[in-house]
Amino acid sequence: MRSWGSVVIALALAACGDDGKSVVDAPAGDSDGPCTTCVDTGVDAPFAPTTLADTGLCADAACTTVQTDVREYAPQYQLYADGSTKRRWIWLPPGTTIDTTDMNHWKFPVGTKVWKEFTRGTVRVETRFMTKLSSDDAAPGAWFYASYEWNAAQNATTLASPQMGVPDANGTQHDIPSRSNCRRCHEGVPGRVLGFQAISLDFAAPAGQLDLADAIAANLLSAPPSPTNGPYFPFPAAATVADRTAFGYLHANCGGCHNPQAPVYSALTSNMSLRLDVTKLGTVAMIPARATTVGNNGTVSGMNGPIVAPGNPGGSVMIMRMNSLTFPTKMPEIGTETTDPAGIAAITAWINQPP
Ligand code: HEC
Ligand code: HEC
């Protein structure tokens, strides 16, 4: 947690007790009322493993040995997490496949488990866990979310409070999010999983980490991309390195909330879409993160200038918001306490490139 007074208040309001809603999606009159869309329903209460080892990731409490049928992966486009390093794993029930009929929105089999471990400096702080409990992803409680905090000795875990998360976990400045904040980020896409998806896995991953080609080879996808609709989804030939870096960054860091399926997508957020779409990669001009930002003005929280003003990063609402740490102007809205210099540099370079 940050130690600056006013920012602590803003972040505390956004993270705990509060429903995390900004003016855009709060019901009329709601300032800090109960959350209407991300409330814990109790449906998942019977399923609450109390330690990480109980979730099936590891053979031992210290997680020195990952179970042999759990696969490690790392998406090529990643969420900035205040400089923490991360590891990720997936487990699918034996014999099941991911329904990839909609290549933009994979539907995972019931029983799927995914994990993400956060290390701040040399301290392993938390391991997040999601598992699918029922087939309708949109049903309340269909996905169970939890985080396990590591102890100082790094050999055991405890379940973090679903209501409060854990501020300054394990002696670091890293905050474990509340469950409503898990939902706020993850439930803006129909399949709930944000990084294990076609575009983020469409690269040559390092040895030992699953990528799209490995997933196809292992028969994990019900409708594998074929030469007519893939097998890979390259950015258009005309895209510059600056384009690719910026679009990938926005896809991972912003696209979970800013996409046509998400609750915050509306005229109030300028119908802005920052998620990549496999059907809209033909030309740079088609890419939603360009098509819905250039020539589109901001509308909310008094920031009414161009979202992206080509050649003028300082005059672009996108950059102003990425430089802000104050709710509700800060972007991403939750999950970070520091601005991301590499992300801001990537978006600045994209906005500055010659037309
Ligand atoms: C600020 C938004 C945000 C919050 C809050 C958040 N996540 Fe995520 N999470 C992401 C994004 C984006 C990814 C994919 C990118 C990556 O892995 O770097 C991800 C990845 C994951 C993964 C790997 C599977 C996947 O979806 O790609 C797990 C597991 C996970 N998160 C669990 C949780 C849990 C549990 C919580 C709450 C305790 C939580 N997350 C809170 C944004 C968030
Ligand atoms: C957890 C959900 C979430 C994430 C992730 C997120 N945003 Fe937002 N975004 C919002 C909400 C909610 C608003 C409305 C904020 C307000 O009321 O001022 C918003 C507003 C905006 C606006 C203003 C739109 C307008 O019409 O005025 C921009 C620009 C923006 N976000 C950019 C980003 C960028 C860039 C990222 C990634 C670095 C990002 N957002 C990540 C939820 C999110």
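For the structure, see preceding data.
Residues numbered from 1 in each chain as written. Chains lettered and ligands numbered in written order. Predicted model: local features only at pLDDT ≥ 70, side-chain atom pairs only at ≥ 80, totals over all residues. Heavy atoms only, no water.

(A) Expanded view of the packing of aromatic side chains. This model, assessed by the stated rule, comprises seven aromatic pairs. The aromatic ring of Trp91 is capped on one face by Lys113, whose charged end is 5.4 Å from the ring centroid. Here Arg124 stacks its cationic end above the ring of Trp150, 3.5 Å away from the centre of that ring. (Phe/Tyr/Trp six-rings, centres within 6.5 Å; stacked < 30°, edge-to-face > 60°. Lys NZ or Arg CZ within 6 Å of the ring centre and 35° of its normal.)

(B) Main features of the site of ligand 1. As a structural note, the neighbourhood of ligand 1 is formed by 25 residues, with Arg88, Cys182, Cys185, His186 and Gly195 the closest of them. Lys116 places a polar side-chain atom, nitrogen or oxygen, 3.5 Å from an oxygen atom of ligand 1. Note that an oxygen atom of ligand 1 is positioned 2.6 Å from one of the backbone N or O atoms of Gly195. Going through the elements one at a time, strand S2 (85-91), strand S3 (113-120), strand S4 (123-132) and helix H2 (179-186) are the ones with two or more residues in the shell around ligand 1. Class assignment for the residues of the shell around ligand 1 results in 16 nonpolar, five polar and four charged. Both domain 1 (1-34 + 234-355) and domain 2 (37-186) contribute no fewer than three residues apiece to the shell around ligand 1. (Near = heavy atom within 4 Å. Polar contact = N/O pair within 3.5 Å; in protein donor to acceptor, adjacent residues only side chain to side chain. Helix = DSSP H or I, 4+ residues; strand = E, 2+ residues; numbered from the N terminus. Nonpolar A, V, L, I, M, F, W, Y, C, P; charged D, E, K, R; others polar. Domains from an automatic or database assignment.)

(C) Local environment of the environment of Thr55. Position of Thr55 among the secondary structure elements: in the loop between helix H1 (5-15) and strand S1 (71-73). Along the chain, Thr55 and Thr131 lie 76 residues apart, while their C-alpha atoms are 9.1 Å from each other. Polar side-chain contacts of Thr55 include one of 2.6 Å to the backbone oxygen of Leu52.

(D) Looking closely at the coordination of the iron atom of ligand 2. Donor atoms from the polypeptide that bind the iron atom of ligand 2 are His258 (NE2) and Met331 (SD), placed at 2.0 to 2.2 Å. Between the six donor atoms coordinating the iron atom of ligand 2, the angles at the centre fall across 87 to 179°, so the site counts as octahedral. Placement of the pair is His258 in the loop between helix H5 (241-253) and helix H6 (288-291) and Met331 in the loop between helix H7 (317-322) and helix H8 (341-352), with a sequence separation of 73 residues. A relative accessible area of 11% places His258 in the buried class. Since its relative accessible area comes to 25%, Met331 is described here as partly exposed. (Donors = N, O, S within 2.8 Å, 3.2 Å for Na, K, Ca; no water. Tetrahedral: all angles 85-135°; square planar, octahedral: opposite > 155°, others 65-115°. Buried < 20%, exposed > 50% of the residue type's maximum accessible area, 1.4 Å probe, protein only.)

(E) Focus on the pairing of S4. Most of S4 sits inside the fold, with eight of its ten residues counted as buried. Note that S3 and S4 share eight bridges and pair antiparallel. Across the sheet, Lys113 pairs through a bridge with Thr131, a residue of S4. With antiparallel pairing between neighbouring strands as the criterion, S3 and S4 make up a hairpin whose turn holds two residues, including Gly121 at a positive phi of roughly 65°. Relative to strand S5 (residues 143-150), S4 runs antiparallel, the two being bridged by seven bridges. (Pairing = 2+ DSSP bridges.)

(F) Looking closely at the sheet that holds S5. What the six strands build is an open sheet, ordered S1-S2-S3-S4-S5-S6; its pairing is antiparallel. Unpaired on one side and paired on the other, S1 and strand S6 (157-159) mark the two borders of the sheet. Taken pair by pair, the neighbouring strands of this sheet meet at an average axis angle of 25°, ignoring direction. Pairing between S5 and S6: three bridges, direction antiparallel. Directly across from Trp150, in S6, lies its bridge partner Thr157. Across the face of the sheet, H2 comes into contact with S4 and S5 while running at roughly 125° to S5. (Axes fitted to C-alpha atoms, helices over the stretch in contact; angles between N-to-C directions. Contact = heavy atoms within 4.5 Å.)

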